[in-house]
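This is what each chain is made of:
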Amino acid sequence: MKNGNRRLKILPLFLLSGIHVTEDIPQEVELAKQVLGENISIELQPHLGSYFGLQRLLAKKINNTSLDARIIIAHGSRRVEANTSIEAMAISLNAVAAYWAISPSLKDIVTQLVADGKKKIGILPYFLFSGGITDAIAQSMQDLKLRFPMVSFQLYEPLEANGELIDLIWDLMHS
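In this text, all values refer to a predicted model and were calculated from it rather than measured experimentally.

Asker: Sorry if this is basic, but what is going on with the nonpolar core here?
Answerer: Ranked by internal contacts, the top residues of the largest apolar core, which has 27 residues, are Leu 48, Leu 54, Ile 72, Tyr 126, Leu 159 and Leu 165. Among the secondary structure elements, those contributing two or more residues to this core are helix 2 (52-61), strand 3 (69-74), helix 3 (80-92), strand 4 (96-99) and helix 6 (163-173). Looking at this core, you find at least three residues from each of domain 1 (6-49) and domain 2 (51-155). Apart from residues no more than four positions distant in its own chain, Leu 165 is found in contact with Leu 48, Leu 54, Leu 57, Leu 128, Leu 159 and Glu 160. Among the nonpolar cores identified, the runner-up in size contains 18 residues, and Ala 69, Met 141, Phe 148 and Phe 153 belong to it.

Here you go:
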C-alpha cells in the first residue's frame, strides 16, 4: 500500500462469542498479519454483541409497558460461556432468554410463562437480520398462538440494518 491507509480495524458482526468469534476470525487475522507483515496494521475489535450500545437498541425495540413478559430468543451456542451474555442481557431487559438451537426453547419458555399466568408476551429475536431462523420463529409463533389462544403475543423484528445500528457500528469503528 503505497499511498493508502495502513491501518485496518475488523469488527466481527456477530452477536455471540461462539467459535467464529473466538477461534475462526482470530486465526484468519493472524494469517493476514503474516502475509501482510509490516505493510498494514490489523486490529481485531471485540464482536458487535459485546457492546453495551446494542443493548440500548434492543431495549428500545421491546419497550412496551403493556407486556407482562418478554423473551429474548437467540440462536444459542453449545459453548455455554457464549450464552451468558444473552442471559445477562435478558435480565437487564426484564426478559427471559430462550434459544433456537439449544435449551431452553421458545416453546418451553412460553409454556412456563403461561403457567405463571402471563397473558401478554413480547418476543424479540436476537439476530442481526431476518432469515431462515427468524422465519421459523414466526412459524413457531403461529403454533404457539393456536396452543395458547388466551395469550396475546407480540413478535418483534430482529435488529436489521437501520440507522441506529449503522451509527453504533460507525461509532465503534471510529473510537
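Asker: Explain the pairing of strand 4 here, please?
Answerer: Along a regular strand, successive side chains alternate from one face of the sheet to the other. As paired elements, strand 3 and strand 4 share 4 bridges and run parallel to each other. Across the sheet, the residue bridging to Ile 73 is Ala 98, located in strand 4. On the question of chirality, the crossover connecting strand 3 to the parallel strand 4 by way of helix 3 is right-handed.

Asker: Help me understand the environment of Val 114 in this model?
Answerer: Following the sequence through the fold, Val 114 ends up in helix 4 (residues 106-115). For Val 114, a relative accessible area of 17% puts it in the buried group. Sequence separation of Val 114 and Leu 48 is 66 residues, and the distance between their C-alpha atoms is 33 Å. Sequence-distant contacts of Val 114, that is, excluding residues within four places in its chain, are made with Ile 121, Phe 148 and Val 151.

Asker: Please clarify how the domain arrangement of the protein should be interpreted in this entry.
Answerer: A common measure of how large an interface is: the accessible area buried when the components associate. When its domains are assigned, the protein resolves into domain 1 (6-49) and domain 2 (51-155). Contacts between the two partners involve 14 residues from domain 1, matched on the other side by 12 residues from domain 2. Interface of domain 1 and domain 2: buried area, both sides summed, is about 1100 Å²; carbon and sulfur atoms make up 62% of it. A per-residue breakdown of the area domain 1 buries against domain 2 is headed by Leu 15, Leu 16 and Leu 48, which together make up 54% of the total. For the pair domain 1 and domain 2, the interface holds 1 residue pair in polar contact (both at pLDDT 80 or more). Considered class by class, the residues forming the side of domain 1 that touches domain 2 number 7 nonpolar, 6 polar and 1 charged.

Asker: Would you take a moment to explain the confidence of the model for the protein for this structure?
Answerer: In low-pLDDT regions, the fine details of the predicted coordinates are not to be read closely. Averaged over every residue, the pLDDT of the protein is 90; the share at 70 or more is 98%. Looking at the elements of the protein, mean pLDDT is at its lowest for helix 6, recorded as 86, and at its highest for helix 4, recorded as 98.

Asker: I keep staring at the pairing of strand 3 and nothing clicks. Help me out?
Answerer: The buried fraction of strand 3 amounts to 6 of the 6 residues, a majority that puts the element mostly inside the structure. In strand 3, alternate side chains face the same way, and those of Ala 69, Ile 71 and Ile 73 on one face and Arg 70, Ile 72 and Ala 74 on the other are all buried. In this sheet, strand 5 (residues 120-125) lies alongside strand 3 in parallel orientation, the contact comprising 5 bridges. Following the sheet pairing, Ile 73 is matched in strand 5 by Pro 125.

Asker: How do you make sense of the pattern of salt bridges when you look at a structure like this?
Answerer: Any two side chains of opposite charge can pair, so long as their charged atoms come close to each other. Enumeration over the complete set of coordinates arrives at 3 salt bridges. For the salt bridge of Glu 43 with Arg 7, the shortest nitrogen-to-oxygen distance reads 3.4 Å. A residue pair is termed long-range when its members are at least 10 positions apart, and Glu 43 in strand 2 (residues 41-44) and Arg 7 in strand 1 (residues 7-10) qualify at 36 residues. Given the relative accessible area of 30%, Glu 43 is considered partly exposed. A salt bridge links Lys 33 to Glu 30, with the shortest nitrogen-to-oxygen separation between them at 3.7 Å. Highlighted residues: Lys 33 and Glu 30, both in helix 1 (residues 19-36), separated by 3 residues, approximately one helical turn. Residue classification places Lys 33 among the partly exposed residues on the basis of a relative accessible area of 32%. Residue Glu 30 is classed as partly exposed on the basis of its relative accessible area of 42%.

Conventions adopted
Residues numbered from 1 in each chain as written. Predicted model: local features only at pLDDT ≥ 70, side-chain atom pairs only at ≥ 80, totals over all residues. Heavy atoms only, no water. Core = buried A, V, L, I, M, F, W, Y, C linked by side-chain atoms within 4.5 Å. Buried < 20%, exposed > 50% of the residue type's maximum accessible area, 1.4 Å probe, protein only. Helix = DSSP H or I, 4+ residues; strand = E, 2+ residues; numbered from the N terminus. Domains from an automatic or database assignment. Contact = heavy atoms within 4.5 Å. Pairing = 2+ DSSP bridges. Right-handed = clockwise from strand over helix to strand, strands pointing away. Buried area = accessible area lost by both parts, 1.4 Å probe. Polar contact = N/O pair within 3.5 Å; in protein donor to acceptor, adjacent residues only side chain to side chain. Nonpolar A, V, L, I, M, F, W, Y, C, P; charged D, E, K, R; others polar. pLDDT = per-residue confidence, 0-100. Salt bridge = Lys/Arg side-chain N within 4 Å of Asp/Glu carboxyl O.

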